[in-house]
Amino acid sequence: MTEPGTHEFTVAGTRDVHIGRVVGLRIDEVVMPDGTSATREVIEHLGAVAVVALDDDGQVTLIHQYRHPIGRRLWELPAGLIDHEGEDPVGTARRELVEEAGLAAADWSTLVDVAASPGFTDEVVRVFLARGLSEVDREVLGEEEADLVIRRFPLAEAVRMALAGELVNGATVGGVLAAHAVVTGAAASRPADAPWRDRPARFAARKES
């Protein structure tokens, strides 16, 4: 038995169960500190970005959209998948902000990186702060995006919604609270191109191969 915190959790074997369009499911046999192995189900994900678009009046744009696994519509930040291996996350965020909210932004910075549920998935969402906003034509792609409702909320109201359980999407909650910390001077954001240690890569590599 190794000292706590020093064991290397190596993978003794792995097999694919499902490889879909957005996610893959694999099963790993992971070597435990006592030498035995344990089965771990892992959902691979493309990775995603979300955007706190904050206007000059201190209002944040949220979208109301249907989320089938939850079974209802949720208020969320504009967000989207990083579709290709090596794609620039800021470029993805710019595209999604146009498509979902009809907005462009002049100033970008990184707020937080949110691991959705690291017990079973490698999905991590990078949340950006976008300022210097201007309205542009939306690019509606498909019936789902046509159903979106777009609304601006005072940032303080969005914080209240998060703490009241009215916002439940992890990246949205983290992004709203982080933006409030930055705006109030409690913390500083990072550069838009800040290193992203935990950016998902395995599923994107599968798609490109």
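Cut-offs used in this document
- Residues numbered from 1 in each chain as written.
- Predicted model: local features only at pLDDT ≥ 70, side-chain atom pairs only at ≥ 80, totals over all residues.
- Heavy atoms only, no water.
- Pairing = 2+ DSSP bridges.
- Helix = DSSP H or I, 4+ residues; strand = E, 2+ residues; numbered from the N terminus.
- 1 Å grid on protein atoms, 1.4 Å probe; cavity = no way out; pocket = protein on both sides within 12 Å on 5 of 7 lines; lining within 4 Å.
- Points joined across faces, edges and corners; volume = space filled by probe spheres on them.
- Nonpolar A, V, L, I, M, F, W, Y, C, P; charged D, E, K, R; others polar.

An unreviewed UniProt entry lists the chain under the name NUDIX domain-containing protein, from Amycolatopsis samaneae.

(A) Molecular detail of the pairing of strand 1 (residues 11-19). Of the strand pairs in this sheet, strand 1 and strand 2 (residues 23-31) are connected by 7 bridges, and their pairing is antiparallel. Its bridge partner lying in strand 2, Asp16 is registered against Arg26. Between strand 1 and strand 2, which pair antiparallel and follow one another directly, the connecting turn spans 3 residues.

(B) Just the layout of surface pockets, in detail. Roughly 1400 Å³ of internal volume is contained in the largest pocket. For the largest pocket, the lining is made up of 42 residues, of which His45, Arg67, Glu76, Leu81 and Glu123 are closest to its centre. Those elements that place two or more of their residues in the lining of the largest pocket are strand 3 (37-45), strand 4 (48-53), strand 5 (59-67), strand 6 (72-76), strand 7 (79-81), helix 1 (89-101), helix 2 (142-146) and helix 4 (170-183). Its residues assigned to classes, the lining of the largest pocket shows 22 nonpolar, 9 polar and 11 charged.

(C) Molecular detail of the sheet that holds strand 11 (residues 190-191). Read from one edge of the open sheet, 5 strands run 7-4-9-8-11, paired in mixed fashion. Each edge of the open sheet is held by one strand with a lone partner, namely strand 7 and strand 11. Judged from the 2 bridges that link them, strand 8 (residues 103-115) and strand 11 form a sheet pairing that is antiparallel. Counted as the bridge partner of Ser109 is Pro191 from strand 11.

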